[in-house]
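Descriptive structure summary
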Amino acid sequence: MTGIRLYNTRTRTKEDFAPIDSANVRMYVCGPTVYDRAHLGNARPVVVFDTLFRLLRHEYGPDHVTYVRNFTDVDDKINARAAEMKAAGDARPLEAIIRELTDGTIGWYHADMDALGALRPTIEPRATEFIGQMIAMIAGLITTDHAYVKEGHVLFRVRSYCDYGRLSGRSVDDMIAGARVEVAPFKEDPMDFVLWKPSTDDLPGWESPWGRGRPGWHIECSAMSHELLGESFDIHGGGIDLQFPHHENEIAQSMCAYPHGDFARVWMHNEMLQVEGKKMSKSLGNFFTVRDLLDQGVPGEVIRFVMLSTHYSKPMDWTAEKAAGAEATLRKWRTMTFRSKADTITPAEFIEALADDLNSHQAITLIHKFARQGNGGAVLACARLIGLLTPELGDWFTFGEGTVSGDERIDEISMVRNEARQKGLYEFSDELRDMLIEIGVGVFDNKFSSAAYFEAENLKRTLQSEAWSFWRSGEIGKAKEIAAQAAEAGLKIYVDEDGPSAVTGIDEIKAQGFFERKILNILKRAREIRLEMGVPQ
RNA sequence: GGCGAGUUGGCGGAGAGGUUACGCAGCGGAUUGCAAAUCCGUGAAGACCGGUUCGAUUCCGGUACUCGCCUCCA
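Residues numbered from 1 in each chain as written. Chains lettered and ligands numbered in written order. Predicted model: local features only at pLDDT ≥ 70, side-chain atom pairs only at ≥ 80, totals over all residues. Heavy atoms only, no water.

Notes on the packing of helix H10 (residues 320-336) against helix H12 (residues 360-372)
Where H10 meets H12, the axes come as close as 11 Å, and the angle between the chain directions of the two elements is 45 degrees. In terms of axis orientation, H10 runs oblique to H12. Remark: the crossing between H10 and H12 carries left-handed chirality. Of the residues in H12, those touching H10 at Thr329, Trp333 and Met336 are Ile364, Ile367, His368 and Ala371. (Axes fitted to C-alpha atoms, helices over the stretch in contact; angles between N-to-C directions. Helix = DSSP H or I, 4+ residues; strand = E, 2+ residues; numbered from the N terminus. Parallel < 35°, antiparallel > 145°, perpendicular 65-115°, else oblique. Left-handed = near helix turned anticlockwise from the far one by under 90°. Contact = heavy atoms within 4.5 Å.)

Rendered as structure tokens:
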């Protein structure tokens, strides 16, 4: 077994990883608030910790790792969204609207993260199913004087936990000095945070010793991790933005409520994602969801590859150029491993790279090396360990051996071309090749055979991705130029106030009259050529 | 204002106190009838100023710049 080393934010050092119980390695990762589609930034921790999950499963066995990732389905953003829906005329009770909203969003989340090749965690608890445990935990904190009740709120007394601020390297006094938060008048100390807050009748609420109310944000992770993973567990992960205050508050609550436990031993934080060099935000207009990218034709596998090509501890810049490069690499690897079978043993140096604080970039470099050596078995074994080159993610990849056009007319034309080439009658095969290329069918020849496939899907992806890139940087004129270029190729890209959209794919192309007309012309010509070559019909 | 991360060749992006990163692009070559693809080879770096050292891009200190968190968006 390879020794795993992980950078622990808590100690600010890279440490040897030694699970509390190697028969049950336990990891908790903060999951999404389910009120809207997951954006690309949400996807980074998912891919990072999925990769860690896969490594742990590889090292300790698939049945010996418990990965918990929560759904936050009680939150003021959700309430606000539900209130909007109600204001827009939805007559149902608030609870019903919220349930539908959160259920629907969870469904989207699963679909989008599945598309990135992320395994489902072992347990995906919903906050609303653990309200009882939260109330019990809060009550305990009041009993031990770590929390107090004021005006229907329960607040955590930050000064009661001497290590408060240790995770994020801040002291309570420094934070107050530089504070930008408005201080609620009922707080004993400006840094005290809410464990429980009262709900008015138009908000979801649960009965509690402090009246009808709802939990503060931080308590859910403490309550759920305790319930599902125990007082001490191995790894707690999330984005670096959660380090303060969320994780700091989790530690304070959990350590005070369960002083005999260690809570989480290793804290891991992924750095933030940027887009074309800038923070992704709604105000900058460069905000987009995973689904947006998928709909633009960027394969989930490409997104995953780009995510893994930068070490998780560094800011990652999403660019159209990187996506194009990732697609080219994956295409190359998928082509070269087309006939390979994954080795049963993954090369040790690959595992070592991953085990070194999840150095996925080094791991990818090694796959390049195996690819260069023509070692398809190793390429597949390694890539699949980090969730790449899996059969499930291969839908976008169409090029294979022989004729894979999926269209028997194109196959027939290819056969005629092959016959012509074997007879040395290149002018015939070139004539047919040029005709195919004109209607968007790519042709690859080698010594023995030729392959033909639709290029429209590729072209569509490339052009739309480029158009989006311009759109995001405000160069709408250039985006429209791309659209015009696409039109020449028979692909329709509309650029309106929502960005480039409504792209015609190969099915639409085939449905257009020109394709059917032209392919029949080419087929007719191919049959003529066959006769000219003296092959009986 | 407080806290943190980063600054590597044309671009992206790693590791290692002294020896080729790697990928893309470029250049040169090979090969396939042509095209595409593929393969081989190759130039090019370490923000700036000090310090430690026989030797630093790698360790330490400072300066500049960039980015992020502390504020609804991760």
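Structural notes on the sheet that holds strand S13 (residues 316-318)
Taken in spatial order, the three strands make up an open sheet running S12-S11-S13, and their pairing is mixed. The outermost strands of the open sheet, each flanked by one partner alone, are strand S12 (278-279) and S13. Direction of pairing for strand S11 (residues 273-275) relative to S12: antiparallel, over a ladder of two bridges. Bridge assignment links Gln274 to a residue of S12, and that residue is Lys279. (Pairing = 2+ DSSP bridges.)

Concerning the sheet that holds strand S9 (residues 232-239)
Strands sit in the order S4-S3-S9-S10 across an open sheet of four strands; the sheet is parallel. Both edges of this open sheet fall to strand S4 (65-69) and strand S10 (263-270), since each of them pairs with a single strand only. Recorded for the sheet is a direction-independent mean angle of 20 degrees between the axes of neighbouring strands. Taken together, the five bridges between strand S3 (residues 25-29) and S4 define a ladder with parallel strand orientation. Bridged to Val25 within S4 is Val65.

Some remarks on the nonpolar core
With 74 residues, the main nonpolar core has Leu40, Leu52, Leu56 and Trp318 as its most contacted residues. Among the elements that line this core, the one with the most residues is helix H1 (residues 40-60), at 11 residues. With residues near it in sequence (within four places) discarded, Leu56 still touches Ile4, Phe17, Val25, Met27, Gly61, Val65 and Ile235. In this structure, Tyr161, Met224, Cys256 and Phe263 belong to the second largest nonpolar core, which totals 41 residues. (Core = buried A, V, L, I, M, F, W, Y, C linked by side-chain atoms within 4.5 Å. Buried < 20%, exposed > 50% of the residue type's maximum accessible area, 1.4 Å probe, protein only.)

Some points on the packing of helix H4 (residues 131-143) against helix H6 (residues 219-229)
Orientation of H4 relative to H6, taken along the N-to-C sense of each, is 105 degrees, at an axis distance of 9 Å. By the criterion of interaxial angle, the relationship of H4 to H6 is roughly perpendicular. Residues Gln133, Met134, Met137 and Ile138 of H4 form the contact with H6, whose participating residues are Ile219, Glu220, Ser222, Ala223 and Glu227. In terms of residue class, the contact of H4 with H6 is built from five nonpolar, two polar and two charged. (Nonpolar A, V, L, I, M, F, W, Y, C, P; charged D, E, K, R; others polar.)

Points about unusual backbone geometry
The omega torsion across Phe244 and Pro245 is 5 degrees, close enough to zero to call that bond cis. For Pro245, the position within the fold is in helix H7 (residues 243-257). At Glu151, a residue that is not glycine, the phi angle is positive and equals roughly 50 degrees. You can see Glu151 is positioned in the loop between strand S5 (147-150) and strand S6 (153-156). In this model, Leu358 sits at a positive phi of 55 degrees, which is unusual for a non-glycine residue.

Brief notes about the pattern of salt bridges
Taken as a whole and judged by the stated rule, the model has 33 salt bridges. Among the ionic pairs, Arg5 bridges to Asp16, the shortest N-O distance being 2.8 Å. Placement of Arg5 in strand S1 (residues 5-8) and of Asp16 in strand S2 (residues 13-16) is noted, with a sequence separation of 11 residues between them. With relative accessibility at 33%, the residue Arg5 sits in the partly exposed group. Asp73 is the salt-bridge partner of Arg126, the closest N and O atoms lying 2.9 Å from each other. Taken together, the positions of Arg126 in the loop between helix H3 (94-115) and H4 and Asp73 in the loop between S4 and helix H2 (76-87) put the pair 53 residues apart, joining distant regions of the chain. Residue classification places Asp73 among the buried residues on the basis of a relative accessible area of 5%. One network of salt bridges, in which partners are shared, links Arg37, Asp112, Arg291 and Asp295. (Salt bridge = Lys/Arg side-chain N within 4 Å of Asp/Glu carboxyl O.)

A look at the packing of aromatic side chains
With the rule as written, the count across this model stands at eight aromatic pairs. Consider the rings of Phe17 and Tyr60, whose centres lie 6.3 Å apart with planes at 80 degrees: the pair is edge-to-face. Separated by 43 residues along the polypeptide, Phe17 in the loop between S2 and S3 and Tyr60 in helix H1 bring together distant segments of the chain. Classification of Tyr60 by relative accessible area gives buried; the value is 13%. Both rings, one in Phe263 and one in Trp267, keep their centres 5.8 Å apart while their planes meet at 55 degrees; by these two values the pair is tilted. Assessed through its relative accessible area of 3%, Phe263 is described here as buried. (Phe/Tyr/Trp six-rings, centres within 6.5 Å; stacked < 30°, edge-to-face > 60°.)

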